[in-house]
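Breakdown of the fold
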Amino acid sequence: MKLTTSSKNRYNGGVRAKRLYGSSTITTFYVFRPEDENDPSRWATVEVGGKTPGERSTAAKAKAEPIIRKLLADQGVQVND
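Everything numeric here is computed off the predicted structure, so don't read it as measured data.

1. Things to note about the pattern of salt bridges
Scanning the entire structure with this criterion turns up six salt bridges. In this structure, the salt-bridge partner of Asp-36 is Arg-42, at a minimum N-O distance of 3.3 Å. Taking relative accessible area as the criterion, Arg-42 reaches 21% and is therefore assigned partly exposed. Here Asp-39 and Arg-42 are joined by a salt bridge, their closest N and O atoms 3.4 Å apart. Here the salt bridges share partners, and the residues they tie into one network are Arg-33, Glu-35, Asp-36, Asp-39 and Arg-42.

2. A few points about the sheet that holds strand E2 (residues 25-32)
Strand pairing in a sheet relies on backbone hydrogen bonds, with the paired strands running either antiparallel or parallel. Overall, antiparallel pairing links the three strands, which are arranged E1-E2-E3 in an open sheet. Each having just a single partner strand, strand E1 (4-12) and strand E3 (44-49) make up the two edges of the open sheet. Here the average twist between neighbouring strands, direction ignored, is 25 degrees. The pairing of E1 with E2 spans eight bridges and is antiparallel. Residue pairing in the sheet places Arg-10 in a bridge with Thr-27 of E2. Lying on the sheet, helix H2 (residues 53-74) is in contact with E1, E2 and E3; it crosses E3 at an angle near 140 degrees.

3. A word on the packing of aromatic side chains
Enumeration over the complete set of coordinates arrives at two aromatic pairs. Pairing Tyr-30 with Trp-43 gives two aromatic rings, centres 5.4 Å apart and planes at 55 degrees, and the pair type is tilted. Taken together, the residues Tyr-30 in strand E2 and Trp-43 in the loop between E2 and E3 connect sequence positions 13 residues apart. Since its relative accessible area comes to 26%, Tyr-30 is described here as partly exposed. Owing to a relative accessible area of 24%, Trp-43 belongs among the partly exposed residues under this scheme. An aromatic cluster of at least three residues, connected via ring pairs, comprises Tyr-30, Phe-32 and Trp-43.

Analysis parameters
Residues numbered from 1 in each chain as written. Predicted model: local features only at pLDDT ≥ 70, side-chain atom pairs only at ≥ 80, totals over all residues. Heavy atoms only, no water. Salt bridge = Lys/Arg side-chain N within 4 Å of Asp/Glu carboxyl O. Buried < 20%, exposed > 50% of the residue type's maximum accessible area, 1.4 Å probe, protein only. Pairing = 2+ DSSP bridges. Helix = DSSP H or I, 4+ residues; strand = E, 2+ residues; numbered from the N terminus. Axes fitted to C-alpha atoms, helices over the stretch in contact; angles between N-to-C directions. Contact = heavy atoms within 4.5 Å. Phe/Tyr/Trp six-rings, centres within 6.5 Å; stacked < 30°, edge-to-face > 60°.

In structure tokens form, the structure reads like this:
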């Protein structure tokens, strides 16, 4: 499933976040399929940490995929991988 991320918020998570993610930067992402860009009811919001923006974006996609699959299944939307 192809997913797109859009950063909602980025902040310093402190020492606890640094222990969890290796970096204290925490980013909240909106994650959605490209075809659902104009339908926020099919978006997932996830919070992830990581050293680089790319690492955080990739982690957000991995974390959100099962959430989005369940959301789409509940709405009766057929998902093609």
